[in-house]
Amino acid sequence: MIRFVLPLLLVLASATVSTAQIIRVGGTTSVRDSGLLAELQEAFTADTGMEMQFIVGGTGRVLKLLEAQDVSAALVHDRLSEEMLVAGGGAVARLDVMRNDFIILGPAESQVPNDVTPLLNQIADERLPFVSRGDNSGTHKAELRIWDSAGIDVEDRSARRWYRKSGTGQGATLNIASSLDAFVLADGATWLAFENKANLVPKGCFGESLANVYGVLIGYDDEAPDAQGQVFAEWLTGPGQRVIAEFKIGDMSPFLPLADMTREGPMPTAEAFCSQY
């Protein structure tokens, strides 16, 4: 287990912004697009004196950057890939950070169940259009696992009639789904902050497979643990938890901090989403 050095954090906090060290952190689009990133950056600099440079990408790309030591830490949401990277020696350690569940969006007029498994079965049985990111991001990998948990093979040739891959990020994929009156998977925070909702509304909000947990990974600096990555991970799982807990989009709190993320059942935001439609 990595031991973090609190005095290092306190020393860094005494630095002025003009002489601040810059830490490169890789992370997902949902952290940026939701608006959480800006608040994390501001609080992190205030607490440590370090400036955070956030390199945005899908989880697959960000983990490659971490393994290549192009970033000091990563904030991503594909636990399996994260744990594999640590086990393979590409990262020092992984720590839980927060939770922000997925939802399935679809045309407002569609009559479908709110539970994810029967919803996906209806999509497949009736060949209702579905748009996937198809970009090896954490959201894309989670989507594939959700289909698998429902017993549906979207790589089967027959699925090509209704299952499409955008190969793009979350915002562009949502726009494509909206234009096609199709179903699509997104995380709750990104959906709340997304402006071009058009005819899309939350349809699938319930099911264990929709849980979406974010982790922070500490990279290496040559063969030693990256000191800046350690500071960021300690801050994010310590003082940074207050920022996550207090962050809101409108009157909703789309991210659950560590203290609340193990709650059973769906997040309050998911319950609120599907209760409206």
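Residues numbered from 1 in each chain as written. Predicted model: local features only at pLDDT ≥ 70, side-chain atom pairs only at ≥ 80, totals over all residues. Heavy atoms only, no water.

**Student:** Explain the pattern of salt bridges to me, please; I cannot follow it from the model alone.
**Tutor:** A pair can form between side chains of opposite charge whenever their charged atoms are brought close. Within this structure, the stated rule accounts for 11 salt bridges. Across the salt bridge formed by Lys141 and Asp78, the nearest N and O atoms sit 3.7 Å from each other. With Lys141 in helix H7 (residues 138–149) and Asp78 in the loop between strand S3 (73–76) and helix H5 (79–87), this residue pair connects regions lying 63 residues apart in the sequence. When sorted by exposure, Lys141 lands in the same class as Asp78, which is buried. For Lys165, the salt bridge is made with Glu155, and the minimal N-O distance between the two is 3.3 Å. (Salt bridge = Lys/Arg side-chain N within 4 Å of Asp/Glu carboxyl O. Helix = DSSP H or I, 4+ residues; strand = E, 2+ residues; numbered from the N terminus. Buried < 20%, exposed > 50% of the residue type's maximum accessible area, 1.4 Å probe, protein only.)

**Student:** Explain the nonpolar core here, please?
**Tutor:** Nonpolar side chains in soluble globular proteins generally cluster together in the buried interior. In this structure, Val31, Leu40, Met52, Met98, Phe232, Leu236 and Phe255 are the most contacted members of the largest nonpolar core, which totals 48 residues. For Phe255, the residues in contact, after removing those within four places along its chain, are Ser30, Ser34, Leu36, Met98, Arg99, Asn100, Ala189, Tyr214, Ile244, Phe247 and Met267. Grouped together as the second largest cluster of nonpolar side chains are 22 residues, Leu119, Ile123, Ala159 and Leu210 included. (Core = buried A, V, L, I, M, F, W, Y, C linked by side-chain atoms within 4.5 Å. Contact = heavy atoms within 4.5 Å.)

**Student:** Is there a simple way to think about the packing of aromatic side chains in this case?
**Tutor:** Given two aromatic rings, their pairing is described by the distance between the two centres and the angle made by the two planes. Throughout the structure, instances matching the rule amount to 10 aromatic pairs. On the numbers, 6.1 Å between centres and 85° between planes, the contact of Trp147 with Tyr163 is edge-to-face. You can see Trp147 sitting in helix H7 and its partner Tyr163 sitting in strand S7 (residues 163–165), a full 16 residues away along the chain. By the burial criterion, Trp147 is buried, and Tyr163 matches it. Measuring from centroid to centroid gives 5.9 Å for Trp162 and Tyr163, while their planes differ by 75°, and the two rings are edge-to-face. (Phe/Tyr/Trp six-rings, centres within 6.5 Å; stacked < 30°, edge-to-face > 60°.)

**Student:** Which parts of the structure should I look at to understand the sheet that holds strand S10 (residues 213–218)?
**Tutor:** The strands making up a sheet are joined through hydrogen bonds of the backbone, oriented either antiparallel or parallel. The sheet built from 6 strands is open, its strands ordered S2-S1-S3-S10-S4-S13 with mixed pairing. The open sheet terminates on both sides in strands that have one partner only, identified here as strand S2 (51–56) and strand S13 (256–257). In the sheet, strand S4 (residues 93–99) pairs with S10 via 6 bridges, with the strands oriented antiparallel. Within S10, the residue paired with Ala93 across the bridge is Ile218. (Pairing = 2+ DSSP bridges.)

**Student:** Would you take a moment to explain the packing of helix H3 (residues 36–48) against helix H10 (residues 227–236) for this structure?
**Tutor:** Each pair of packed helices can be summarised by the angle the axes make with each other and by the distance between the axes. Packing of H3 against H10 leaves a shortest axis separation of 11 Å and a crossing angle of 110°. What the angle tells us is that H3 and H10 run roughly perpendicular. Where H3 crosses over H10, the two elements pack in a sense that is right-handed. Taken together, the residues of H10 that come into contact with H3 (itself represented by Leu40, Ala43, Phe44, Asp47 and Thr48) are Val231, Phe232, Trp235 and Leu236. Residue composition of the contact of H3 with H10, grouped by class: 7 nonpolar, 1 polar and 1 charged. (Axes fitted to C-alpha atoms, helices over the stretch in contact; angles between N-to-C directions. Parallel < 35°, antiparallel > 145°, perpendicular 65-115°, else oblique. Left-handed = near helix turned anticlockwise from the far one by under 90°. Nonpolar A, V, L, I, M, F, W, Y, C, P; charged D, E, K, R; others polar.)

**Student:** Just to check I follow, could you spell out the state of the cysteines for this structure?
**Tutor:** A covalent bond between the sulfur atoms of two cysteines is what we call a disulfide. Applying the stated criterion across every chain yields a total of 1 disulfide. Two residues share a disulfide in this structure: Cys205 and Cys274, whose sulfurs sit 2.0 Å from each other. Because the sign of the S-S torsion sets the handedness, a value of about 80° for the bond joining Cys205 and Cys274 places this disulfide among the right-handed ones. In this pair, Cys205 is assigned in the loop between strand S9 (200–204) and S10 and Cys274 in helix H12 (residues 268–275), connecting sequence segments 69 residues apart. You'll find Cys205 and Cys274 in the same group, each marked buried. (Disulfide = S-S within 2.5 Å.)

**Student:** Quick question: what am I supposed to make of the packing of helix H4 (residues 59–67) against H5 here?
**Tutor:** At their nearest, the axes of H4 and H5 sit 11 Å apart, and the two run at 15° to each other. As the angle between them shows, H4 and H5 are arranged roughly parallel. For the crossing formed where H4 meets H5, the hand is right-handed. Counting all contacts with H4, which are made through Leu63, Leu66 and Glu67, the residues of H5 involved are Ser81, Glu82 and Leu85. Of the residues in the contact of H4 with H5, the class split is 3 nonpolar, 1 polar and 2 charged.

**Student:** Help me understand the sheet that holds strand S6 (residues 130–132) in this model?
**Tutor:** Reading across the sheet, the 5 strands line up as S7-S6-S8-S5-S9 and stay open at both edges, with mixed pairing between neighbours. Here the strands that pair on one side only, and so sit at the sheet edges, are S7 and S9. For this sheet the average axis-to-axis angle between neighbouring strands, irrespective of direction, equals 40°. Of the pairings in the sheet, the one linking strand S5 (residues 102–107) to strand S8 (residues 183–187) comprises 4 bridges and is antiparallel in character. Across the sheet, residue Leu105 finds its bridge partner in S8, namely Val184. Strands in contact with helix H8 (residues 170–180) are S5, S6, S7, S8 and S9; relative to S8, the strand with the most contacts, it is inclined by about 150°.

**Student:** Would you explain H3 in this entry?
**Tutor:** An α-helical turn contains 3.6 residues, so a residue and the one three or four places further along point in the same direction. The end-to-end C-alpha separation of H3 is 18 Å, in line with the 18 Å expected for 13 residues at 1.5 Å each. What H3 keeps buried is the set Leu36, Leu37, Leu40, Ala43, Phe44, Thr45 and Thr48. Directly after H3, the chain includes Gly49, whose backbone phi takes a positive value near 80°. (Expected span 1.5 Å × (residues − 1).)

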